[in-house]
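Observations on chain architecture
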2 protein chains.
Amino acid sequence: MTIPILVTFSGGASGNWRVDDIRPVSGASLSMCARVWVQEDADTGPIDQAMWSLRGTTSNTRYTQRSEVTALNAVQQGLARPQATQAALIPIRKSKEWWALAQDERRAIFQEQSKHISIGMDYLPGVARRLHHCREMHEPFDFVTWFEYSPEDTAAFDEMLGRLRASIEWTYVEHEVDIRLTRIAHAAT
Amino acid sequence: MTIPILVTFSGGASGNWRVDDIRPVSGASLSMCARVWVQEDADTGPIDQAMWSLRGTTSNTRYTQRSEVTALNAVQQGLARPQATQAALIPIRKSKEWWALAQDERRAIFQEQSKHISIGMDYLPGVARRLHHCREMHEPFDFVTWFEYSPEDTAAFDEMLGRLRASIEWTYVEHEVDIRLTRIAHAAT
């Protein structure tokens, strides 16, 4: 686990990811735009022409236990694989009731009841992910997760989301937007 | 658990808390100054004349289980009690090794081995505290804890710190500063 990375996702006219679709899952949607720009550790803030901007930081594990970390590390792959041309950017906000739970109560719902870690494992190494926390940053969401996968893994990715959204954990999700993207040539802007 | 509060502690010439002492416990100290200004949810940033500034946000529990939350809530008291004229501001940074541990490994060191929660319980309700997280904010520390207690509880407070600093958890602390303060009249600046 390295130093936390601050990541800014800016929806607008520029960026290396073309927006294919923006769908509200729970609550209000975000405005449709042409591209998403992903900036790491940019202290300058969102780009000028952004229609919306989501920020978050990587962090340490919050629920994952050693045996699970070991199992995940044995199979998961990183971002930026050449064949992973598809991405999903999914911001989520959970309810006050979720955040009022104690650590052991959240862990029990997250894994023992909802199998969040186990479900994610079922789609490795195809679906790579990076979680960003933003609840403490006065952002409108608590988390922003970035997923990358190949076109052939799109159906599997949708199946994974369906299983997670049917879980008890998701009854605590009160705002969720699902943004799908395709990588374009790095030289394009 | 309410919405996270962003708190800024600014050391300089102004503020309602007089600085009695600043001692390095591990690593470098912070500059001596006359006062500390405590700002909640101030988007304007640190005050101009500050010699140093520490920021952090309150958050949800990270290790505390339901039975422990219930026990703590039964006895702990809030900040700003009239008799609690003494304060300590203690910023801490833990090592890379700590943050690379999985959730269950950190919990085991924190409570089962080091009795962090139990030790804190022994000094309630005399010593009130509020924890602020800043590891994800690119601050020089990971946490800033603010304690308030009465003059008669000063020896007990020092005993509590001694027990915590002798614990296994503290072998992961690589930077710690201990700032002691006394509240002055609210009208003073």
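Refer to the preceding data block for the structure.
Computed from a prediction, not measured in an experiment: that's the story for all the values here. (Residues numbered from 1 in each chain as written. Chains lettered and ligands numbered in written order. Predicted model: local features only at pLDDT ≥ 70, side-chain atom pairs only at ≥ 80, totals over all residues. Heavy atoms only, no water.)

Time to look at the relation of the copies chain B and chain A. With an RMSD of 0.0 Å, the operation that places chain B on chain A is a rotation of 180° combined with a shift of 0.0 Å along the axis. Put plainly, the chains are arranged around a two-fold axis. Among all residues of chain B, the minimum C-alpha distance to the rotation axis is found for R62(B), at 3.6 Å. When the interface residues of chain B are mapped onto chain A, 100% of them are again interface residues, pointing to one common binding face. (Least-squares fit on C-alpha atoms with pLDDT ≥ 70 in both. Contact = heavy atoms within 4.5 Å.)

At the junction of the two partners, chain B supplies 28 residues and chain A supplies 28 residues. Between chain B and chain A the total buried area reaches about 2400 Å² when both faces are included, carbon and sulfur atoms providing 45% of it. Where chain B touches chain A, the interface holds four salt bridges. R66(B) is paired through a salt bridge with E105(A); the nearest N and O atoms lie 2.9 Å apart. Counting across the chain B and chain A interface gives 15 residue pairs in polar contact (both at pLDDT 80 or more). Where the side of chain B that touches chain A is concerned, the elements lending two or more residues are α1 (66–75), α2 (96–100) and α3 (103–113) of chain B. (Buried area = accessible area lost by both parts, 1.4 Å probe. Salt bridge = Lys/Arg side-chain N within 4 Å of Asp/Glu carboxyl O. Polar contact = N/O pair within 3.5 Å; in protein donor to acceptor, adjacent residues only side chain to side chain. Helix = DSSP H or I, 4+ residues; strand = E, 2+ residues; numbered from the N terminus.)

Right, let's talk about the pattern of salt bridges for a bit. Per the stated rule, a full pass over the model turns up 30 salt bridges over all chains. Ionic contacts of the salt-bridge type, sharing partners, join the residues D158(A), R165(A), E176(A), D178(A) and R180(A) into one network.

Residues and elements named next belong to chain A. Between its first and last C-alpha, helix α5 (residues 154–165) extends 17 Å over 12 residues, near the 16 Å set by a 1.5 Å rise per residue. Taken together, the buried positions of α5 are occupied by F157, M160, L161 and L164. One side of α5 carries all its buried residues, which in axial view fall inside an arc of 95°. Buried residues along α5 sit against β5 (86–94), α4 (116–121), β7 (143–149) and β8 (173–183). (Expected span 1.5 Å × (residues − 1). Buried < 20%, exposed > 50% of the residue type's maximum accessible area, 1.4 Å probe, protein only. Arc of directions from axis to C-beta.)

All right, on to the pairing of strand β3 (residues 35–40) of chain A then. All names here are of chain A. Sheet topology note: the strand β1 (residues 6–12)/β3 ladder contains six bridges and is antiparallel. The partner of T8 across the bridge, within β3, is Q39. Note that strand β2 (residues 17–26) and β3 share two bridges and pair antiparallel. In the strand pairing of β3, R18 is matched with R35. (Pairing = 2+ DSSP bridges.)

Okay, the environment of K94(B) next. All names here are of chain B. In this structure, K94 sits in strand β5 (residues 86–94). C-alpha separation for the pair K94 and Q49, spaced 45 residues apart in sequence, amounts to 29 Å. A polar atom in the side chain of K94 sits 2.6 Å from the side chain of E169.

Turning our attention to α1(B). Residues and elements named next belong to chain B. Listing the buried residues of α1 in full gives E68, V69 and L72. On an axial view of α1, the arc spanned by its buried residues comes to 100°, and they lie on one face. Opposite the buried face of α1, by more than 90 degrees, sit the exposed residues S67 and A74. Close packing links the buried residues of α1 with α3 and α4 (116–121).

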